[in-house]
Amino acid sequence: MDIQVRVWRQSGPTDKGRMVAYDVKDISPDASFLEMIDVLNEKLILDGDDPIAFDHDCREGICGACSMVINGVAHGPEKATTTCQLHMRKFKDGDVIDVEPWRAAAFPVIKDLIVDRSAFDEIIQAGGYITAPTGTAPEAHAAPVPKKDADAAFEAATCIGCGACVAACPNGSSMLFTAAKITHLGLMPQGQPERESRVLDMLQAQDDAGFGGCTNMGECAQVCPKGIPLSLIGRLNSDYRKALSKR
Amino acid sequence: MIMNDFWTEGDPIVDKAAPDGPVETRWERRKFSAKLVNPANRRKLTVIIVGTGLAGGSAAATLAEAGYHVKSYCYQDSPRRAHSIAAQGGINAAKNYRNDGDSVHRLFYDTVKGGDFRARESNVYRLAQVSVNIIDQCVAQGVPFAREYGGLLDNRSFGGTQVSRTFYARGQTGQQLLLGAYQAMERQIGLGNIEMNARHEMLELIIVDGKARGIVVRDMVTGEISTEFADAVVLASGGYGNVFFLSTNAKGCNVTASWRAHRKGALFANPCYTQIHPTCIPESGSHQSKLTLMSESLRNDGRVWVPKAQKDTRKAADIPEDERDYYLERIYPSFGNLVPRDIASRAAKNVCDEGRGVGPGGLGVYLDFADAISRLGRKAVEAKYGNLFEMYERITGEDPYETPMRIYPAVHYTMGGLWVDYDLQSTIPGLFVVGEANFSDHGANRLGASALMQGLADGYFVLPNTISNYLASGPFPKIDESREEVVEARTQVEDRIAKLLSIDGDRTVDSFHRELGHIMWEYCGMERTEEGLTKAVGLIRALKEEFWTRVKVPGKGEELNQNLEKAGRVADFIELGELMCIDALHRRESCGGHFRAESQSPDGEAQRNDDEFSYAAAWEYFAADGKPTLHKEELTFEYVHPSTRSYK
Ligand SMILES: Cc1cc2nc3c(=O)[nH]c(=O)nc-3n(C[C@H](O)[C@H](O)[C@H](O)COP(=O)(O)OP(=O)(O)OC[C@H]3O[C@@H](n4cnc5c(N)ncnc54)[C@H](O)[C@@H]3O)c2cc1C
Ligand code: FES
């Protein structure tokens, strides 16, 4: 199939950036979206142009590196799918496709489609862990965890930290990301001792890093490639209120 | 010295760090004999760790918790994205929670046997011992492993074992284990004990006074080159499966960190030992950039088959039961679909070579869940494998609940790596190597669910205990940037980058990488011959020549330049590819996943040659005459006696 992509090109953090159109001819519907960009890049290099910079690594939807806003939607049109798992068979011959980076105050553009997401690491640093230095652990079966809780914790823990939630949010809020970690750790018995300090510290870090506030728009959950539900934010808020009242 | 056209044989090498005596107490005794570092002194000692996967992440967190100052590096934008994140199936541990006869000794036995008697007993025993602590550690961190209704941990049997000892978190075990290590790391970063340098690539090792003392790194955002110093350097930089271009590894996985150390004197052991995984999604066209693994846990419930007739183009559903060949069940009745990876992979290749493969190009076999769905119900199958089925459908556009999956073998893991002793120290003092980057525990073939175990064993429990023995003689003298060795290492990096950018030829980096991959897959893949390997060495040498005259790397060094990053990695892969072929050439036996056509039994099974090849091959970098030097480490088996593996 033949398509046209209009891609955000920005040579560095201080460049203003612009959309540039490229024709991509004869691309297989079985190619992934990133493979389509690979093919385009090979051509750009041989033509003496600058290839498009984009983050990617695993290309199987788990590392969270890939991050493109496709036709205005973070990760593109397919539900619960990362950019790397999106395939060209989801598009039609002759389509014109816009490709842009994540846009959020806390995720500045580094080059083309690559943004700086280190603010997510800062949120985790503030409290997204259970303190358990190596060697101190009790026998694994010492504390059984009801299957229901373990399963729900797992669901929340599948967040890949890609940042689509932030990119989709009109406020640039990271609430869904933070809520997923709060839920994961808060559902495990091991996570109880730090439960209150965790929510307070992570929310503070979120504000400090420049993420916007959550106004329950729900756009985040719509684009989450792992289907993390909006309801987790409610859980976070209830943890937050409890922690505040005890402070 | 023995010489031939391709290599030179040097002195044997021995592992001086390994204690002897009863295998059960070797690790205990080594820990006791290792020198310790007083907690107050640890702050004064700096350790560089390259890599934040399971091995590097767990090592960084643990060393920082112990009080050392850690400097950590990864090429991704966050340590959480290391390739370990992609591991699906699970992690082994000898907990014997199922009361099915498992024990440390059995895990040890299975791993030595699974590795086809090409791994060290001492190391493997230790691995089996610490496996139980890993699960405790991960549970304490909040890793949400799968659980039973009673709230206890669930287990499954995995890839070639007869006991259920694999712990898992749906199909995302690597992700959950890595996030556990990452979170522990982030806590230490927050406390100021780890200095994290994401998007930084190590491009050279710095050796001063014979000791590994630092690295040269490139800031991948600005292109700035800097020199970083420490009292010891740990490489946790993962495996080199991407030498094949198409593999299940993440796109950035590379050999550069290890290869740079190898060039500086670290021996590289068993480079030709690569694992080909039987259950990957077949290639769909020339745009293909990587292959996706379907966890082999699927083989617990899926049945592998091809049509009995050649070139049968009917749809799977139209082929009647009696015209299907469930070849694994037929050839290996006692293990059936659960034979080890190497056997399953080669059997798939064989049926495809016979012209009975399915899908585009006839390079695929079916993995069919129809029986499991009728036996367990769709819901149960969905609960176990739902995310894998979804992933398959997303990639191929086919629904595996309705039509059988198509699978084909792909390169997945590299057992070879930098040679290390029992302390995980390489042949360069002060350079330690952990995780997939070292060669130590899996011999010629890795059992499923044992790489995660090894990575975490190395990082949480082994290295922190052995590195202290080395660090006890530090802190070492402060290094001046102007020292000759430092300037030289830095200049090497700068010159190489300048050279890559100046060639301005007419071929892209990827085109060279693909070509190298074809050569490796064709001649150094599942089946190898003397003739093919000899040819491959010639082809790779020519490719190297061509690379350095025709490659086109756009852009500048002082900016984010992904093609420059790739070019450096591919240049190293080309050299590694040559060594892999020479290693494969020299090993005139079929062993583990490596079928050497000249060494087979009358019924076509792999024939190992213990009389001549019961050793690890540790290679010294190519000498001026273009030949690498082989140092043999003799392997002895006191507890598990070499036998022919039979899964029939
Ligand atoms: C798809 C897939 C599924 C798997 N499933 C399983 C499974 O179910 N069970 C199992 O036991 N094993 C499995 N494995 C194998 C296992 O995941 C790996 O062997 C293991 O995770 C490797 O861990 P590591 O820490 O050694 O390296 P990695 O996780 O690969 O980490 C390497 C690190 O080094 C860094 N790095 C590399 N080079 C440089 C450089 N030059 N400069 C700076 N940093 C660098 C990277 O940024 C990264 O942080 C699987 C592998 C794959 C590919
Ligand atoms: S590249 Fe890893 S999630 Fe897309």
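The model shown is predicted, which means the values in this text are computed figures rather than measured ones.

A closer look at the domain arrangement of chain A
Residues and elements named next belong to chain A.
- Entries for chain A in the domain assignment read domain 1 (3-110) and domain 2 (117-245).
- Once you take the C-alpha centre of each, domain 1 and domain 2 turn out to be 29 Å apart.
- On the side of domain 2, 18 residues touch domain 1, which itself brings 21 residues to the contact.
- For the pair domain 1 and domain 2, the summed buried surface comes to about 1,400 Å²; carbon and sulfur atoms form 61% of the total.
- At the surface where domain 1 touches domain 2, the tally comes to 1 salt bridge.
- A salt bridge links D55 to R117; the shortest N-O distance between them is 3.5 Å.
- Considering only residue class, the side of domain 1 that touches domain 2 consists of 12 nonpolar, 6 polar and 3 charged.

Description of the sheet that holds strand β2 (residues 18-24) of chain A
All names here are of chain A.
- The strand order across the open sheet built from 5 strands is β2-β1-β5-β3-β4, with neighbouring strands paired in mixed fashion. With one partner strand each, in any of the chains shown, β2 and β4 (73-74) form the two edges of the open sheet.
- Relative to strand β5 (residues 96-100), strand β3 (residues 69-70) runs antiparallel, the two sharing 2 bridges. From the neighbouring strand, V69 faces β5, where its bridge partner is E100.
- Relative to β2, helix α1 (residues 33-46) is tilted by about 90 degrees, and along the sheet it contacts β1 (3-9), β2, β3 and β5.

Quick notes on the interface of chain A and chain B
- Residue-level contacts link 74 residues of chain A with 76 residues of chain B.
- Carbon and sulfur atoms supply 53% of the area that chain A and chain B bury against each other, a total of about 6,000 Å² over both sides.
- For the pair chain A and chain B, the number of links is 5 salt bridges.
- Here K95 of chain B and E139 of chain A are joined by a salt bridge, their closest N and O atoms 2.8 Å apart.
- Scanning the region where chain A abuts chain B turns up 46 residue pairs in polar contact (both at pLDDT 80 or more).
- A per-class count over the side of chain A that touches chain B returns 38 nonpolar, 18 polar and 18 charged.

Concerning the domain arrangement of chain B
Residue and element names in this part refer to chain B.
- Each assigned domain of chain B is listed here: domain 1 (277-411) and domain 2 (484-613).
- Measuring from the centre of the C-alpha atoms in domain 1 to the corresponding centre in domain 2 gives 30 Å.
- Residue-level contacts link 12 residues of domain 1 with 10 residues of domain 2.
- Summed over both partners, the interface of domain 1 with domain 2 comes to about 840 Å²; 55% of that surface belongs to carbon and sulfur atoms.
- In terms of surface lost to domain 2, no three residues of domain 1 exceed D342, R346 and K349, which account for 54% of the buried area on that side.
- At the junction of domain 1 and domain 2, the tally comes to 0 salt bridges.
- Connecting domain 1 to domain 2 are 3 residue pairs in polar contact (both at pLDDT 80 or more).
- Of all the secondary structure elements, the ones that give two or more residues to the side of domain 1 that touches domain 2 are α9 (341-353) and β17 (405-414).
- Taken together, the residues of the side of domain 1 that touches domain 2 sort by class into 5 nonpolar, 4 polar and 3 charged.

Rules used in this analysis
- Residues numbered from 1 in each chain as written.
- Chains lettered and ligands numbered in written order.
- Predicted model: local features only at pLDDT ≥ 70, side-chain atom pairs only at ≥ 80, totals over all residues.
- Heavy atoms only, no water.
- Domains from an automatic or database assignment.
- Contact = heavy atoms within 4.5 Å.
- Buried area = accessible area lost by both parts, 1.4 Å probe.
- Salt bridge = Lys/Arg side-chain N within 4 Å of Asp/Glu carboxyl O.
- Nonpolar A, V, L, I, M, F, W, Y, C, P; charged D, E, K, R; others polar.
- Pairing = 2+ DSSP bridges.
- Helix = DSSP H or I, 4+ residues; strand = E, 2+ residues; numbered from the N terminus.
- Axes fitted to C-alpha atoms, helices over the stretch in contact; angles between N-to-C directions.
- Polar contact = N/O pair within 3.5 Å; in protein donor to acceptor, adjacent residues only side chain to side chain.

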